[in-house]
Amino acid sequence: MSDNNMNEQLSIIIDTANRLFGDSVDKGLLDAAERGEFAQSLWASVVATGFHAVGSKDSGTGVVELFALLDVAGRHAAPLPLAETLLANAWVGLSEGVSSIGLWEGQRITDVPWGRSSTRVIGIRPDSAECVIVEQVEVIERSANLAGEPRDVVRVPEGASRHTIRLNHGNAWSQLALARAVQTAGALSTVLDIALQYAGEREQFGRSLSKFQAIQHSLAVQAAEVAAARRAATGAVDALDTPRAAAEIAAAKIRAGDAATMVGEAAHQVLGAIGYTHEHRLHHFTRRAWAWRDEFGNEFDWQRSLGAMIAGVGADHVWSFVTGR
Amino acid sequence: MLELDRVSLPESSEALRVDARAFLQQHRDLIGEPNSDFTTGHSPEFSAALGARGWIGMTWPKSFGGSERTFFDRYVVTEELLAAGAPVSAHWIADRQSGSLLLKFGSEKQKQTYLPAITRGESYFSIGMSEPNTGSDLASVRTAAKKVDGGWVINGSKIWTTDAHRNHFLIALVRTSPAQGENRHVGLSQIIVDLRNDGAQVRPIRNMAGGEDFNEIVFQDVLVPEDRIVGEAGNGWKQVTSELSYERSGPERFLSAFRVLVEFVRLVGPNPLPHEAAVIGRAAGHLMTLRKMSASVAGMLNQGKQVDVEAALVKELGNNYEKLLPEMTRLALSSNRSGRAAWRSAFEQTQLLSPSFTLRGGTREILRGVIARGLGLR
């Protein structure tokens, strides 16, 4: 496919996803999801649009489209295990149902997003290509992350099938980490939009907040952090099929986490007390960005991983490592 | 929202990286103690060698001594020079800024007069913007040039002028006609001063790091020929703001502290403690991101786009990073750890320079204002 056609297809996916999630994901749906109710009709729309197959074999789409879709999902805080479903479909075969992915710990798979609503759960480990696939899903513990997103524990039955996820570069765990970095970049983009809009509308001391230099500077820093998180994420996606994948994913996850901490704090400060209410939608995005810092490796985990790679090449090769040349 | 283009460096530019490293290896005797801060090492000999290689004024037309290369190529060469800690300060401003300004706004004669010598690494420029009473509020400059028979007479003073004591020329922002009421942007002009022959008095100012690279310049009835005005008289504000965006997005805005990272990696060795590895990883992760952002801006420069807001984003993040990096390494090391000498030397130099990171080339406050304007807030 030519570059132009590829770009066109990507634009269509992004536009369609923005419309779909924009129309369906509202405050009510997010509140319901955070009470543990699965967004069945949203999921049906995703399947009807064919989005569940983006990035899977024979779909005509690849990782670029897959992660672009996750960026849009992050912008809307779409309450589905979309990253998990798309990556599972890409790795172990397309399923029409909801798939999820968690940490494989012997007889259990923990931290499974929407395990309770999934028909297939894959257990992976940070340091292994081997995974376990559970198709008779039994949830043995229900829990949720900081954002109220279900994170369940699923039993691994005797004789559950094992599979090796073969990726050219990086591994399954790191691709989930990248998914969280991309989703975070998306969510933070919306956080910034909300803060900018509020600062323009809210008046105090006879002028809009956006006219106060202190607020302008805070928003400028937030914009810089969001731009950095976004560029780190797209850079890592573009490196997925190269030997640079592991390092670039580490950089993206580290950068997204640092941006989430900074932007989450500063955006809430701009919004004041209204942004602290449950009624306001800001927290659906900030809590997700905060929660995703700790999923599939937090900043410290990825800093250590990247740092060990660089220590391994030694002081005189730091620069060639950073440049990849 | 501000988003940077998803571009990566082309293979042809990456190929140039190999040549740049070979060049640096070949000239390592001129590098001395490496320092990644672009203002620190001064070596006319190194600058001349770089010029002979065609790597000063890389993007300029061949007719003026340039190499007609892309901004991606220039990006690669500049970051290689900084990472290696090469002494680049002599030609840096002329290459990055003054030459580009002359190319864009200068007369044919000015281009022919000044650009080839710059590309040879023989002619060095200073920037004359700040004054004793003019810092961030650049439009308040009071140094004035008055039209007389046969030229312009300059009176006033400039300050914080890096390397004015050893550079050849200064491009000064001066007032050539009064402001029109509230509109202070009219009546400003850029004018070239020959620092060695026009009679401007240069007095060094010692900085807190012990360096004497910046200066105060006093003009007392300094007469310069008519053809020293850059572009149009009165167009100075537009010219000076366009010049500033070249100044803000380059790798010198995030690599100043790079040698501290290198020495930290050397000190902790191949099997660092977890928190030491984390410092390296965090520093590298941010650096890898900043490089992508800066390369995105290089791509925009290639396309002739306005980059003032994007450049401000890179500088804002890059300067914060340059300040954070030494601090992270410091806190990771116990103060009684042995073998710290090389790291400590790099750290101390960088710590002392660090206040300047968020001052030079536009303060943090000015940059945040530029970004805020890009966000539609002002």
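These numbers were taken from a predicted model, which means no experiment stands behind them. (Residues numbered from 1 in each chain as written. Chains lettered and ligands numbered in written order. Predicted model: local features only at pLDDT ≥ 70, side-chain atom pairs only at ≥ 80, totals over all residues. Heavy atoms only, no water.)

**A word on the overall build of chain B**
Part 1 of the argument: For chain B, the count of helices and strands is twelve helices and eight strands.
Part 2 of the argument: What you see for chain B is a C-alpha radius of gyration of 21 Å, in line with the 21 Å of a compact globule of 378 residues.
Part 3 of the argument: Along the longest, intermediate and shortest principal axes, the C-alpha atoms of chain B span 70 × 40 × 40 Å.
Part 4 of the argument: Burial analysis of chain B (378 residues in total) assigns 61% to the buried set.
Part 5 of the argument: In chain B, of all internal contacts separated by at least 6 residues, the share reaching a separation of at least 24 is 76%. (Helix = DSSP H or I, 4+ residues; strand = E, 2+ residues; numbered from the N terminus. Rg over C-alpha atoms; globule rule 2.2 N^0.38 Å. Buried < 20%, exposed > 50% of the residue type's maximum accessible area, 1.4 Å probe, protein only. Contact = heavy atoms within 4.5 Å.)

**Thoughts on the domain arrangement of chain A**
Residues and elements named next belong to chain A.
Part 1 of the argument: For chain A, the assigned domains read domain 1 (3-164) and domain 2 (172-323).
Part 2 of the argument: On a C-alpha basis, the centroid separation for the pair domain 1 and domain 2 is 21 Å.
Part 3 of the argument: For the domain 1 and domain 2 pair, buried surface summed over both sides reaches about 2,600 Å², with 63% attributable to carbon and sulfur atoms.
Part 4 of the argument: In terms of surface lost to domain 2, no three residues of domain 1 exceed Lys27, Phe67 and Arg75, which account for 23% of the buried area on that side. (Domains from an automatic or database assignment. Buried area = accessible area lost by both parts, 1.4 Å probe.)

**Focus: the packing of aromatic side chains**
All names here are of chain B.
Part 1 of the argument: Taken as a whole and judged by the stated rule, the model has twelve aromatic pairs over all chains.
Part 2 of the argument: Arranged with centres 5.3 Å apart and planes meeting at 45°, the rings of Trp160 and Phe214 form a pair that is tilted. Of this pair, Trp160 sits in the loop between strand S3 (151-159) and strand S4 (169-175) while Phe214 sits in strand S7 (residues 214-224), and the two are 54 residues apart along the sequence.
Part 3 of the argument: Taking relative accessible area as the criterion, Trp160 reaches 45% and is therefore assigned partly exposed.
Part 4 of the argument: Measuring from centroid to centroid gives 5.1 Å for Trp343 and Phe347, while their planes differ by 25°, and the two rings are stacked. Separated by four residues within a single helix, Trp343 and Phe347 lie in helix H11 (residues 341-357), roughly one turn from each other. Just as Trp343 is buried, Phe347 falls in that class too.
Part 5 of the argument: Aromatic rings pair up to connect Phe23, Phe46 and Trp55 into one cluster. (Phe/Tyr/Trp six-rings, centres within 6.5 Å; stacked < 30°, edge-to-face > 60°.)

**Description of the layout of surface pockets**
Part 1 of the argument: Volume-wise, the second largest pocket comes out at about 850 Å³.
Part 2 of the argument: Along the walls of the second largest pocket sit 27 residues, with Gly235, Asp238 and Ala239 of chain A together with Val7 and Ser8 of chain B positioned nearest its centre.
Part 3 of the argument: Broken down by secondary-structure element, the contributors of at least two residues to the lining of the second largest pocket are helix H1 (3-24), helix H4 (63-76), helix H7 (213-238) and helix H11 (318-323) of chain A together with helix H1 (11-26) and helix H9 (274-302) of chain B.
Part 4 of the argument: Tallied by class, the residues present in the lining of the second largest pocket amount to nine nonpolar, six polar and twelve charged. (1 Å grid on protein atoms, 1.4 Å probe; cavity = no way out; pocket = protein on both sides within 12 Å on 5 of 7 lines; lining within 4 Å. Points joined across faces, edges and corners; volume = space filled by probe spheres on them. Nonpolar A, V, L, I, M, F, W, Y, C, P; charged D, E, K, R; others polar.)

**Topic: the interface of chain B and chain A**
Part 1 of the argument: Counting residues at the interface gives 51 residues for chain B, matched by 51 residues for chain A.
Part 2 of the argument: A combined buried area of about 4,200 Å² lies between chain B and chain A, and 68% of that area is made up of carbon and sulfur atoms.
Part 3 of the argument: Looking at the side of chain B facing chain A, the largest losses of area belong to Met1, Arg6 and Leu377 of chain B, adding up to 18% of the total buried there.
Part 4 of the argument: Counting across the interface, chain B meets chain A through seven salt bridges.
Part 5 of the argument: The closest approach of N and O atoms between Lys292 of chain B and Glu248 of chain A, which form a salt bridge, is 2.5 Å.
Part 6 of the argument: If you list the elements that add at least two residues to the side of chain B that touches chain A, you get H1, helix H4 (71-83), helix H8 (258-268), H9, helix H10 (308-332) and helix H12 (364-374) of chain B.
Part 7 of the argument: Per-element tally for the side of chain B that touches chain A: the top contributor is H9 of chain B, with 17 residues.
Part 8 of the argument: Tallied by class, residues from the side of chain B that touches chain A come to 26 nonpolar, eight polar and 17 charged. (Salt bridge = Lys/Arg side-chain N within 4 Å of Asp/Glu carboxyl O.)

**Concerning unusual backbone geometry**
Part 1 of the argument: Backbone geometry places Asp111 of chain A, a non-glycine residue, at a positive phi of 55°.
Part 2 of the argument: Relative to the elements of secondary structure, Asp111 of chain A occurs in strand S2 (residues 108-113).

**Digging into the pattern of salt bridges**
Side chains carrying opposite charge are able to pair once their charged atoms draw close together.
Part 1 of the argument: Taken as a whole and judged by the stated rule, the model has 50 salt bridges over all chains.
Part 2 of the argument: Note that Arg288 of chain A and Glu149 of chain A form a salt bridge whose closest N and O atoms lie 3.5 Å from each other. In this pair, Arg288 of chain A is assigned in helix H9 (residues 282-293) and Glu149 of chain A in the loop between strand S5 (139-141) and strand S6 (151-155), connecting sequence segments 139 residues apart. With respect to class, Arg288 of chain A is no different from Glu149 of chain A; both count as buried.
Part 3 of the argument: Across the pair Asp73 of chain B and Arg69 of chain B runs a salt bridge, and its minimum N-O distance is 3.2 Å.
Part 4 of the argument: Accessibility expressed as a relative area gives 8% for Asp73 of chain B, which makes it buried.
Part 5 of the argument: Using a relative accessible area of 32% as the deciding quantity, one classes Arg69 of chain B as partly exposed.
Part 6 of the argument: Sharing partners across several salt bridges, the network here consists of Glu34, Glu84, Glu149, Arg151, Arg180, Arg287, Arg288 and Glu295 of chain A.

**Digging into the nonpolar core**
Residue and element names in this part refer to chain A.
Part 1 of the argument: Ranked by size, the top nonpolar core spans 191 residues in total, and within it Phe21, Phe67, Ile124 and Leu178 carry the most contacts.
Part 2 of the argument: In terms of residue count, helix H6 (residues 172-201) provides more of this core than any other element does, 17 residues in total.
Part 3 of the argument: Apart from residues no more than four positions distant in its own chain, Phe67 is found in contact with Leu87, Gln175, Leu178, Ala179, Val182, Val237 and Leu240. (Core = buried A, V, L, I, M, F, W, Y, C linked by side-chain atoms within 4.5 Å.)

**Quick notes on the domain arrangement of chain B**
One widely used convention gives an interface's size as the accessible area the parts lose upon coming together.
Residue and element names in this part refer to chain B.
Part 1 of the argument: Once the domains are mapped, chain B shows domain 1 (11-123), domain 2 (127-234) and domain 3 (249-374).
Part 2 of the argument: Here domain 1 and domain 2 have C-alpha centroids that lie 25 Å from each other.
Part 3 of the argument: Together domain 1 and domain 2 conceal approximately 1,300 Å² of surface at their shared face, both sides included; 55% is due to carbon and sulfur atoms.
Part 4 of the argument: When residues of domain 1 are sorted by the area they lose upon contact with domain 2, His42, Gln110 and Tyr114 head the list and together hold 35% of the total.
Part 5 of the argument: Across the pair Lys109 and Asp227 runs a salt bridge, and its minimum N-O distance is 2.7 Å.
Part 6 of the argument: At the boundary of domain 1 with domain 2, the tally comes to five residue pairs in polar contact (both at pLDDT 80 or more).
Part 7 of the argument: When contributions to the side of domain 1 that touches domain 2 are tallied by element, the ones reaching two or more residues are helix H5 (89-105) and helix H6 (108-119). (Polar contact = N/O pair within 3.5 Å; in protein donor to acceptor, adjacent residues only side chain to side chain.)

**Regarding the environment of His185 of chain B**
Residues and elements named next belong to chain B.
Part 1 of the argument: Relative to the helices and strands, His185 is located in the loop between S4 and strand S5 (188-194).
Part 2 of the argument: Note on His185: relative accessible area 36%, which makes it partly exposed.
Part 3 of the argument: For the pair His185 and Leu331, spaced 146 residues apart in sequence, the C-alpha to C-alpha distance is 46 Å.
Part 4 of the argument: His185 has contacts with Ala139, Gly234 and Trp237, leaving out every residue within four places of it along the chain.

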